[in-house]
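Structural characterization, general
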Amino acid sequence: MCPLVTLRGISKSYAGIPVLRGAQLAVEAGEIHGLVGENGAGKSTLMKILAGETRRDRGEILWEGEPVRLASRADAECLGITMIHQELNLAPHLTVAENLFLGHEPTVRGVIDRARERTEARAYLEELGFDLHPETPVRQLSPARRQLVEIARAAMRTARLVIMDEPTSSLSAKEVAELFRVVRLLQSRGTAVIFVTHRLDELAEVASRVTVLRDGRTVHEGSMPRLDYSHLIRAMVGRELADFYPERAAKIGGVVLRVEKLSHQGNFQEVSFEVRSGEIVGLAGLVGAGRTELLEAIFGIRSPEGVKVYVDGSPARVCTPQDAIRQGLALLTEDRKRTGLAPHLPIAQNITLANLRAVTRKGLLDLRKERQIAESYLELLRIRAQSATQMVGRLSGGNQQKVVLAKWLFTRARVFLVDEPTRGVDVGAKTEVYRHLNKLAESGAAVLMVSSELPEIMGMTDRVLVMRRGRLVANLVTRQASQEEIIRYATLGE
Ligand SMILES: Nc1ncnc2c1ncn2[C@@H]1O[C@H](COP(=O)(O)OP(=O)(O)OP(=O)(O)O)[C@@H](O)[C@H]1O
Ligand SMILES: [Mg+2]
C-alpha cells in the first residue's frame, strides 16, 4: 500500500539562502504523524509547500502514489488538504460563527443566511464539545480560544489531511485534551493529521510516527517513542542536552513583590501573595482562571482601585505600563505578536527597545553596542537569522518569540512577570530560557511565572500559586507538591 502523501527531495531557498535541503516525509492515510525540529528548521515552510501556499524550488510530491503539482492553495484543497497556521488567520472583527463559515456561508436566494449560520455553528461547536459562543467577536477571545476556532474551522470541511502547525502552544491542559479528542475524531473519519509541535510529551499521546527536521533536512523518521525522547531530542538539536531544568543557587531574601487583596471585576477577586528576592514562583491554573489578567493588573494594564501592589515595601502607584517599568516591573506577555514585537524593525532594535539607556552614550545611540548585544542574544538563544539587522517579520514563528524573549531578558527590573515564557520555543532554547530565569533570580530579582506546562512549574519554581475562577486557591512549596495536587486545586478548588 502506498502512503497517502510522500514528499521527496524538497528544497526551497529564500533570497539564495536554503531553508529546505532535500527534506522528505511520508504520511499514511488516517495516520497521526508528528513533525518536530528546532525553531527555523523548516517545518512551517515544508507544511506550506504541502498546503500549496509556497512553491518549492525542487522536489516531488506524491498523492496516493501519483505526482501532483500543488501550485496553489486551491490545488491542495481539491485533494482535501487543510492547514491550521501557527500565526492565526482569523478575521478579528467577525464573530465565531462568521469565521467558521467564512467563504462558505449558507445562503437563501443569494443572501447570506446569518440565522442559519448561527444555528449550525452552535450545533457544530456542541458536537466538538468546544465551549465557544457563536456570536462572540473573535477579537474578544484569548489566543487559546482563537486557536479552538481555527481548529473547529479546519475540522469542519471534510478533509483527507489536516496540518496543524503548533496547535497546542497556547492551550491549557484541558483544552489540549479537547483538541486531542477532535484529532481522534478526525482520525476515526479516516483523516490523516500532521502535527507540528515542540511538546514531545503531548505528541506521544496522539502520534504513532514522527519525522525530525534539522536545518532543512530530514534527519530521522520512525515510530513515536512513548517515554524516552532523548534520541529524538538529540536528532533535533544535534547535541546532547544536559540538565533540562538547570540547578539554581539563588539565596531567598526579603519580600520584593507584595500583592494585597487585588481585585478586578469579572477577572479575579481579592488575590494576595508575596514573592521574595531570589524566588521563582509559578502561577498555575486553567486558561480562563485569571492568571494573565492578574499579571496585567500588577503591570498597570488594567488599573485596579487603590494601591494594592508593593515593590520592596513601598506602594507601587501603577496606573500605566510606563509607571510599572519605572517602579521596577517587567512583563513578558502571552500574546507576543500583538504586544511584544515591531515586525518592521531589525532584530537588534527590537531587542534593545525596552532598555535603550543601556545602549546610549552621551545621549546618542551606540549602534555598535546595540549590535553586539543583539548578536550575543542571537547566539545564546540560537535565534536563526541572517544577521542582527534582519527584519523580525521575516523570522520563523519560534524565532520571533525568541526575539521578544531576548528583549525582555535585556530589561533591568526587580520583578519579572512572565506569561508562558517558553511557548513555541524549541527544547534547546527552553533550557537557555530557564538558565536565564535562574540568573535573574540569583541576581536578587523576584520572578512570577504563569505556565500551563506543569513539568515546567515543577522543574523551575520554588513555590506555586494555583488560581481557579479568579481566586487563589493554593500556595504550595513546589518541592512538597505533586502535579496531581496542582491539577486538583486548578480544577476543583480548595
Ligand atoms: N518568506 C520568507 N522570507 C525569508 N525567509 C523566510 C521566509 N519564510 C521563512 N523563512 C526562513 O526560513 C527558515 C525556516 O522557517 P520555518 O518557519 O519553516 O521554521 P519552523 O521550523 O517552522 O520554525 P518554528 O519552530 O520557529 O516555527 C527560517 O530561518 C525563516 O527565517
Ligand atoms: Mg513554524
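Cut-off values and rules
Per chain, the residues get numbers from 1 upward, laid out in the order the sequence is written. Chain letters and ligand numbers both follow the written order, the letters beginning at A and the numbers at 1. Local features in a predicted model are, by the rule used here, given only for residues with pLDDT of at least 70; side-chain atom pairs are given and counted only at 80 or more, and totals for whole chains, interfaces and linings are based on all residues. Side-chain metrics rest on all non-hydrogen atoms present in the structure, leaving aside hydrogens and water. Delimitation of the domains relies on an automatic or database domain assignment. The contact rule is simple, with two residues in contact once any of their heavy atoms fall within 4.5 Å. Salt bridges are identified by distance alone: a Lys or Arg side-chain nitrogen within 4 Å of an Asp or Glu carboxyl oxygen. Pairs of N or O atoms are called polar contacts if they sit within 3.5 Å, as long as, within protein, a hydrogen donor faces a hydrogen acceptor (for residues adjacent in sequence, only side-chain-to-side-chain pairs). Note on definitions: angles span 0 to 180 degrees between N-to-C directions of axes, and those axes are lines fitted to C-alpha atoms, for helices only across the stretch in contact. Helix and strand definitions follow DSSP, with helices as H or I runs of at least four residues and strands as E runs of at least two, each counted in order from the N terminus. Each angle receives one of four descriptions, namely roughly parallel if under 35 degrees, roughly antiparallel if over 145, roughly perpendicular if within 65 to 115, and oblique otherwise. Rotating anticlockwise by less than a right angle from the far helix to the near helix defines a left-handed crossing, while the corresponding clockwise rotation defines a right-handed one. We call Asp, Glu, Lys and Arg charged. Ala, Val, Leu, Ile, Met, Phe, Trp, Tyr, Cys and Pro are nonpolar, and the rest, Gly among them, are polar. One heavy atom within 4 Å of a molecule or strand makes the whole residue count as near it. Here the open area of atoms and residues is found with the Shrake-Rupley method and a 1.4 Å probe, where only the protein chains shown may cover a residue. Every residue carries a pLDDT, the predictor's confidence in it, which falls somewhere between 0 and 100. Here the term patch refers to residues with relative accessible area over 30% and no salt bridge, with like charges joined within 9 Å and nonpolar side chains (Val, Leu, Ile, Met, Phe, Trp, Tyr) within 5 Å. For every residue, the accessible area (1.4 Å probe, protein chains only) is compared with the maximum for its type, and the residue is labelled buried under 20%, exposed over 50%, or partly exposed between those bounds. By definition, two strands form a pair when at least two bridges between them are found by DSSP.

**Notes on the domain arrangement of the chain**
Often, the extent of an interface is quoted as the loss of accessible area upon association of its parts. Partitioning the chain into domains gives domain 1 (5–237) and domain 2 (255–492). Put simply, the middle of domain 1 and the middle of domain 2, counted by C-alpha atoms, are 29 Å apart. Each side of the interface is counted separately: domain 1 has 23 residues, and domain 2 has 21 residues. Taken together, domain 1 and domain 2 are joined by 4 salt bridges. Here glutamate 38 ties to arginine 382 by a salt bridge, and the two come within 2.8 Å at their closest N and O atoms. Between domain 1 and domain 2 we count 7 residue pairs in polar contact (both at pLDDT 80 or more) in total.

**What to know about the packing of helix H14 (residues 397–409) against helix H15 (residues 427–442)**
Here H14 crosses H15 at 15 degrees, and the two axes come no closer than 12 Å. On the basis of their axis angle, the class for H14 and H15 is roughly parallel. Of the two elements, H14 crosses H15, and the hand of that crossing is left-handed. Contacts between H14 and H15 involve Lys402, Leu405, Trp408 and Leu409 from the first element and Ala429, Val433, His436, Leu437 and Leu440 from the second. Here the contact of H14 with H15 is built from residues that sort into 7 nonpolar, 1 polar and 1 charged.

**What to know about the site of ligand 1**
In the vicinity of ligand 1 there are 19 residues, among which Gly40, Lys43, Thr45, Ser396 and Gly398 approach most closely. At 2.8 Å, a backbone N or O of glycine 40 approaches an oxygen atom of ligand 1. One nitrogen or oxygen atom from the main chain of glycine 398 is found 2.7 Å from an oxygen atom belonging to ligand 1. If ligand 1 stood free it would expose 640 Å²; the protein chains cover 86% of that surface. Contributions of two or more residues to the shell around ligand 1 are made by helix H1 (43–50) and H14. Among the residues forming the shell around ligand 1, the class breakdown is 4 nonpolar, 11 polar and 4 charged. Both of domain 1 (5–237) and domain 2 (255–492) provide at least three residues apiece to the shell around ligand 1.

**With respect to the confidence of the model for the chain**
Looking at the chain as a whole, its pLDDT mean stands at 88, while 95% of the residues score no less than 70. Mean pLDDT values for the elements of the chain range from 66 in helix H11 (residues 336–340) up to 97 in strand E4 (residues 58–63).

**Quick notes on a nonpolar patch on the surface**
A cluster of nonpolar side chains, contributed by Leu356, Leu365 and Leu367, occupies part of the molecular surface with about 270 Å² of accessible area. In this structure, leucine 365 sits in strand E20 (residues 364–365). Look at leucine 365 and you get partly exposed, because its relative accessible area is 42%.

**A short note on the sheet that holds strand E6 (residues 81–84)**
The 6 strands are arranged E6-E9-E10-E3-E11-E12 in an open sheet whose pairing can be described as mixed. The two strands at the open ends of the sheet, each matched to only one other strand, are E6 and strand E12 (217–223). Sheet twist, expressed as the mean angle between neighbouring strand axes with direction ignored, is 15 degrees. As paired strands, strand E3 (residues 32–36) and strand E10 (residues 192–196) are joined by 4 bridges and run parallel to one another. In the strand pairing of E10, isoleucine 32 is matched with valine 193. With respect to the sheet, helix H5 (residues 143–156) is in contact with E6 and strand E9 (161–165), its orientation differing from that of E6 by roughly 180 degrees.

**Comments concerning the pairing of strand E24 (residues 471–477)**
Summarising the sheet, strand E23 (residues 463–468) and E24 pair through 6 bridges and their orientation is antiparallel. The partner of arginine 468 across the bridge, within E24, is arginine 471.

**With respect to the pattern of salt bridges**
This model, assessed by the stated rule, comprises 26 salt bridges. Close ionic contact of glutamate 98 with arginine 114 constitutes a salt bridge, the shortest N to O distance being 4.0 Å. Note that glutamate 98 is positioned in helix H3 (residues 96–100) and arginine 114 in helix H4 (residues 114–128), a separation of 16 residues in sequence. Of the residues examined, glutamate 98 reaches a relative accessible area of 17% and is grouped as buried. Shared partners join several salt bridges into a network, and the residues in it are Glu38, Asp215, Arg382 and Arg384.

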